Amino acid sequence: MSLYDDAVLVLKGYEGQEELRQAYLDHLAAHPDGMWKACEDGHITASAMVIDPSREQVLLTLHKKMRMWLQMGGHCEPQDTSLQAAALREATEESGVAGLTLLPGGPVRLDRHPIPPPCHCHFDVQYAALAPPDAVHTISDESLDLRWFAYDEVATVADESVVRLLEATRARL
């Protein structure tokens, strides 16, 4: 199965955010290249909030280009076999944490947001990744900083999209 076909199946099975979910499906129907960064009308991305429920903390990255505290995530790559695989790969690469596992049940949220040109929009499919006990993180080349935040600190450092992802993740837990 292609990554495109996987994305369509994942989105068709996603419950919630009906209007936004349909916008994702419509975008893919109109753009056979909508999984890839080269699609300037927008493309699907995959992200994961790294969470340690036992410590009630999330690991956020201070993104080098955006200069914002965000969950780990990014563009799909040709070697990704599924959206889940892309989200897990991105979370592992950007956090340096070994042994992450995705929270069961598929995506936690969808978030469409504008980005600087040449592309104009990310259609982000957001997962949650559970960190193993005593996870050790490493700052990647894509980050200025990487830090654990208590749940109640997230709203003071991150934007509403990250806060909504945390709320949805905690509800799933």
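Structure shown above.
This is a predicted model, so every value here is computed, not measured.

Let us look at the side chain of Asp80. Tracing the sequence through the fold places Asp80 in the loop between β4 (72-75) and α3 (83-95). Looking at Asp80, its side chain comes within polar contact range of the side chain of Arg89, at 2.7 Å. Once you skip the residues sitting within four places of it in the chain, Asp80 turns out to touch Leu3, His75, Ala85, Ala86 and Arg89.

Right, let's talk about the pattern of salt bridges for a bit. Inspection of every chain in the model, using the stated rule, returns seven salt bridges. Among the ionic pairs, Asp52 bridges to Arg55, the shortest N-O distance being 2.8 Å. Asp52 sits in the buried class, given a relative accessible area of 4%. We classify Arg55 as partly exposed; its relative accessible area is 43%. The closest approach of N and O atoms between Arg89 and Asp80, which form a salt bridge, is 2.7 Å. Each member of the pair, Arg89 as well as Asp80, is classed as buried. Through salt bridges that share partners, Asp80, Arg89, Glu90 and Glu93 make up one connected network.

Cut-offs applied
- Residues numbered from 1 in each chain as written.
- Predicted model: local features only at pLDDT ≥ 70, side-chain atom pairs only at ≥ 80, totals over all residues.
- Heavy atoms only, no water.
- Helix = DSSP H or I, 4+ residues; strand = E, 2+ residues; numbered from the N terminus.
- Polar contact = N/O pair within 3.5 Å; in protein donor to acceptor, adjacent residues only side chain to side chain.
- Contact = heavy atoms within 4.5 Å.
- Salt bridge = Lys/Arg side-chain N within 4 Å of Asp/Glu carboxyl O.
- Buried < 20%, exposed > 50% of the residue type's maximum accessible area, 1.4 Å probe, protein only.

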